[in-house]
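Residue strings, one per chain:
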Amino acid sequence: MYPLASAVEAPAGPVVKERRGDSLHLSAADLAALGFFLAVWVLHTLASDGKLVSRVSLTTAMNAQREAWMRNMAEREVRIVDTAIMSGLQQGTAFFASSSLIALGGCFALLGASDRVLTIMAHLPLASAFSREAFQTKMFGLVLILAFAFFKFGWAYRLFNYCSILIGAVPVPHGEASRNPVSGTAVWRATRMNVLAGKHFNSGLRAVFFSIGYLGSFVGPTVFVLSTLVLLAVLVRRQFFSAARQAVLGQPPSAGKG
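In this report, the structure presented in the accompanying data block is examined.

Rules used throughout
Along each chain, residue indices are assigned from 1 in the same order as the chain's sequence is written. Only residues with pLDDT of at least 70 are given local features in this predicted model, and only at 80 or more are side-chain atom pairs given and counted; all residues enter the totals for whole chains, interfaces and linings. Here the side-chain values reflect all heavy atoms present in the structure, with hydrogen atoms and water set aside. Numbering of helices and strands runs from the N terminus, with a helix taken as a DSSP run of H or I at least four residues long and a strand as a DSSP run of E at least two residues long. Throughout this description, buried means an accessible area under 20% of the type-specific maximum (1.4 Å probe, protein chains only), exposed means over 50%, and partly exposed covers the range between. In what follows, a contact means two residues having at least one pair of non-hydrogen atoms within 4.5 Å. Only the protein chains shown count as cover for residues, with accessible areas throughout obtained via the Shrake-Rupley method and a probe of 1.4 Å. Helix axes use the C-alpha atoms of the stretch in contact, all axes being lines fitted to C-alpha atoms, and the angles between their N-to-C directions lie in the range 0 to 180 degrees. When an angle is under 35 degrees it counts as roughly parallel; over 145 it counts as roughly antiparallel; between 65 and 115 it counts as roughly perpendicular; any other value is oblique. Note on convention: near helix rotated counterclockwise from far helix by under a right angle means a left-handed crossing. Clockwise means right-handed. Residue polarity follows a fixed list, in which Ala, Val, Leu, Ile, Met, Phe, Trp, Tyr, Cys and Pro are nonpolar, Asp, Glu, Lys and Arg are charged, and the others, Gly among them, are polar. Under the pairing criterion, centres of Phe, Tyr and Trp rings, with the six-membered ring standing for Trp, must be within 6.5 Å; the plane angle then separates stacked pairs below 30 degrees from edge-to-face pairs above 60, leaving the rest tilted. To estimate the expected span of a helix, count its residues, drop one, and scale the result by 1.5 Å. To qualify as a nonpolar core, a set must consist of buried Ala, Val, Leu, Ile, Met, Phe, Trp, Tyr and Cys residues joined through side-chain atoms within 4.5 Å.

**A closer look at the overall build of the chain**
Within the chain, the regular secondary structure consists of 10 helices and 0 strands. When each of the 258 residues of the chain is scored for burial, the buried share is 35%. Contacts in the chain between residues far apart in sequence, at least 24 positions, make up 79% of those at least 6 positions apart. Summed over all atoms, the accessible surface of the chain reaches about 15,500 Å², with 67% contributed by carbon and sulfur.

Printed below as a string of structure tokens:
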């Protein structure tokens, strides 16, 4: 019986060894492409916030407009237009938060159909062969990006709500009230809250954009790097060279130039 037991137990060694090899879900090229993706994300965030380059970004220019809005709001007795703007900002933020949740649900649905997805991806051009475990690891990365976006949108929605309250707390400008230091402090608080809400909303929107670039990782590390570079080019153009930025920072033509 001992030789028989040895014959039965012998294959256990190679099976364990094969499973240990499968535990390395991502290759070195995948990890390098992921590191490049994260570095691009961080650098673009810093540049958009005006912490990396001297050129004024669209985000920084719009923050100045938020401050101008709050100053003008403080001089109005009737603030219906301000509450309407805040309502629009909240609705837009809620839409993106809901969209992020729907996308998260789709990610978990894909995790349940990993084998079918791998079969389809095997026929894609430039697609690299990777295991089911590697696919699930990459899917969890996409889940983390979308979850990050959802929390940013959720927090931005709450900050916009707080900003609405702070707008209501700004004293109505009647005579000496417009020059009251308390009024100036209230305007500063509303401005700061508005800028913070916009910052978190932009972070959530940026995460949604970068989730599109992350899809290249499911094809291969080379495509992942290329999709990240294409996304970076689009975002840099929008932030620093777009018509929207020119509209915010530009000056109207003089009357003598038709």
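**So, the packing of helix H5 (residues 80-112) against helix H8 (residues 181-214)**
Running from amino to carboxyl end, H5 crosses H8 at an angle of 30°, the nearest separation of the two axes being 11 Å. Accordingly, the angle class assigned to the pair H5 and H8 is roughly parallel. Two packed elements cross with a definite hand, and for H5 against H8 that hand is left-handed. For the pair H5 and H8, contact is made by Met-86, Gly-92, Thr-93, Phe-96 and Ser-100 and by Asn-194, Phe-201, Leu-205 and Val-208, respectively. Across the contact of H5 with H8, the residue classes tally to 5 nonpolar, 4 polar and no charged.

**Describing the packing of aromatic side chains**
One pass over the full model with this rule turns up 14 aromatic pairs. Look at Phe-150 and Phe-151: their rings are 5.6 Å apart centre to centre, the planes differ by 65°, and that puts the pair in the edge-to-face class. Residue classification places Phe-150 among the partly exposed positions, given a relative accessible area of 25%. Among the aromatic residues, ring-to-ring pairing joins Phe-37, Trp-41, Phe-135, Phe-148, Phe-210, Tyr-214, Phe-218 and Phe-224 into one connected group.

**As for the side chain of Asn-194**
Structurally, Asn-194 is set in helix H8. Among all residues touching Asn-194, those that are not within four sequence positions of it are Arg-66, Trp-69, Met-70, Met-86, Phe-160 and Cys-163.

**What about the packing of helix H7 (residues 132-169) against H8?**
Axis separation between H7 and H8 bottoms out at 8 Å; the angle between their running directions is 160°. As judged from the angle between their axes, H7 and H8 are roughly antiparallel. The way H7 lies across H8 gives a crossing that is left-handed. The class makeup of the residues in the contact of H7 with H8 is 25 nonpolar, 8 polar and 3 charged.

**As for helix H9 (residues 221-240)**
In this model, H9 (20 residues) spans 28 Å end to end at C-alpha, consistent with the 28 Å of a helix rising 1.5 Å per residue. In the core, the buried residues of H9 are packed alongside helix H3 (28-48), helix H4 (58-74), H8 and helix H10 (243-249).

**Some thoughts on the nonpolar core**
Residues Phe-37, Met-70, Met-139, Leu-142, Ile-167, Phe-210 and Tyr-214 are the most contacted members of the largest nonpolar core, which totals 44 residues. Within the residue set of this core, elements represented by two or more residues are H3, H4, H5, helix H6 (114-121), H7, H8 and H9. For this core, the element with the highest residue contribution is H7, accounting for 14 residues. Sequence-distant contacts of Ile-167, defined by excluding residues within four places in its chain, comprise Met-70, Met-73, Arg-79, Met-86 and Ala-190.

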